[in-house]
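# Working through the structure, step by step
One-letter residues, chain by chain:
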Amino acid sequence: MSDQKERMLRGERYKDSDPVLIAERRDCQALLDDFNASKSGDHVLRQRILAKLLGGIGDGSWIMPRFQCDYGYLIRMGSNSFLNYDAIVMDCAPVTIGNDVSIGPRAQLLTALHPMEDHEARRQRWETAAPITIGDNVWMGGGVIVCPGVTIGSNTVVGAGSVVTRDLPEKVFAAGNPCRVIKTL
């Protein structure tokens, strides 16, 4: 394992130009190419690719193509969960999706962060990443963006088009940009 990969996995600053990380992203893209080109009725092939690609996928869970991610192995998806068309998961840190989760089309789960105040570090392409955790029985509408380090509590509903910049508690409906709690469920 390279020093940069170790740094990434620890949540420290790292450079994604590391040869090991580049090779892992290329391997991931090859699997995604196969997944995204698969025939609509070939569920067995799709599940086999997802089992190889992801860090874990529970029984009865599925992802619709077109699906994009960086590494795959940092994504864990519980049972009976669903990720709709055109999802982007930037998994430079762990992304945990609970059981019975429904995520609408064109959702983005983004773990990558770039230095805001250290302009030189940003110019030199240093970055960090923070994990995303989605609890059980969450429903996220289409086009939801979840930012780095966010946790969404179980039984929460996130309205379409929301940008989730902060943690959401369980059993609420939240929506907007930035996303805010509208009511308790």
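This text gives an overview of the structure that appears in the document. (Residues numbered from 1 in each chain as written. Predicted model: local features only at pLDDT ≥ 70, side-chain atom pairs only at ≥ 80, totals over all residues. Heavy atoms only, no water.)

The next subject is the packing of helix α1 (residues 3-10) against helix α2 (residues 19-37). Between α1 and α2, whose axes approach to 7 Å, the crossing angle comes to 70°. Taken together, the axis directions place α1 and α2 in an arrangement best described as roughly perpendicular. The segment α1 lies against α2, with Gln4, Lys5 and Met8 engaging Val20, Leu21 and Glu24. Of the residues in the contact of α1 with α2, the class split is 3 nonpolar, 1 polar and 2 charged. (Axes fitted to C-alpha atoms, helices over the stretch in contact; angles between N-to-C directions. Helix = DSSP H or I, 4+ residues; strand = E, 2+ residues; numbered from the N terminus. Parallel < 35°, antiparallel > 145°, perpendicular 65-115°, else oblique. Contact = heavy atoms within 4.5 Å. Nonpolar A, V, L, I, M, F, W, Y, C, P; charged D, E, K, R; others polar.)

For the rest of this paragraph, the subject is the packing of α2 against helix α3 (residues 43-53). Their axes nearest at 10 Å, the elements α2 and α3 cross at an angle of 165°. One way to sum up the angle between α2 and α3 is to call them roughly antiparallel. Seen along the crossing, α2 lies across α3 with a hand that is left-handed. In this structure, α2 uses Cys28, Leu31, Leu32, Asp34 and Phe35 to contact α3, whose residues at the interface are Arg46, Ile49, Leu50, Lys52 and Leu53. Among the residues making up the contact of α2 with α3, the classes are represented as 7 nonpolar, no polar and 3 charged. (Left-handed = near helix turned anticlockwise from the far one by under 90°.)

With parallel pairing, the 5 strands of this open sheet are ordered in space as β4-β7-β10-β15-β18. The open sheet has two edge strands, β4 (67-69) and β18 (163-164), and neither has a second partner. Direction of pairing for β4 relative to strand β7 (residues 87-90): parallel, over a ladder of 3 bridges. Note that in β7 the partner of cysteine 69 across the bridge is valine 89. (Pairing = 2+ DSSP bridges.)

Attention now moves to the sheet that holds strand β13 (residues 132-134). One open sheet accounts for 5 strands, arranged β2-β5-β8-β13-β16; its pairing is parallel. At either end of the open sheet lies a strand with only one pairing partner, and these are β2 (56-57) and β16 (151-152). Strand direction decides the pairing type here: strand β8 (residues 95-97) and β13, joined by 3 bridges, are parallel. Note that in β13 the partner of valine 95 across the bridge is isoleucine 132.

As a further point, take unusual backbone geometry. Leave glycine aside and you will find that most residues have negative phi; peptide bonds, for their part, are mostly trans. At the junction of proline 65 and arginine 66, the peptide bond is cis and its omega measures out at 0° in the coordinates. Within the element layout of this structure, arginine 66 appears in the loop between β3 (62-63) and β4. Backbone geometry at aspartate 86 places phi at a positive 65°, although glycine is not the residue there. Mapping aspartate 86 onto the fold places it in the loop between β6 (82-83) and β7.

Among the nonpolar cores identified, the biggest contains 37 residues, and Leu53, Phe67, Leu109, Ile134, Met140, Val146 and Ile152 are the most heavily contacted of them. With 4 residues, the top contributor of residues to this core is α2. When residues no more than four places from it in sequence are discounted, the contact partners of valine 146 are Gln108, Leu109, Leu110, Ile132, Met140, Ile152 and Val164. Ranked by size, the runner-up nonpolar core spans 9 residues in total, among them Tyr14, Leu21, Tyr71 and Leu74. (Core = buried A, V, L, I, M, F, W, Y, C linked by side-chain atoms within 4.5 Å. Buried < 20%, exposed > 50% of the residue type's maximum accessible area, 1.4 Å probe, protein only.)

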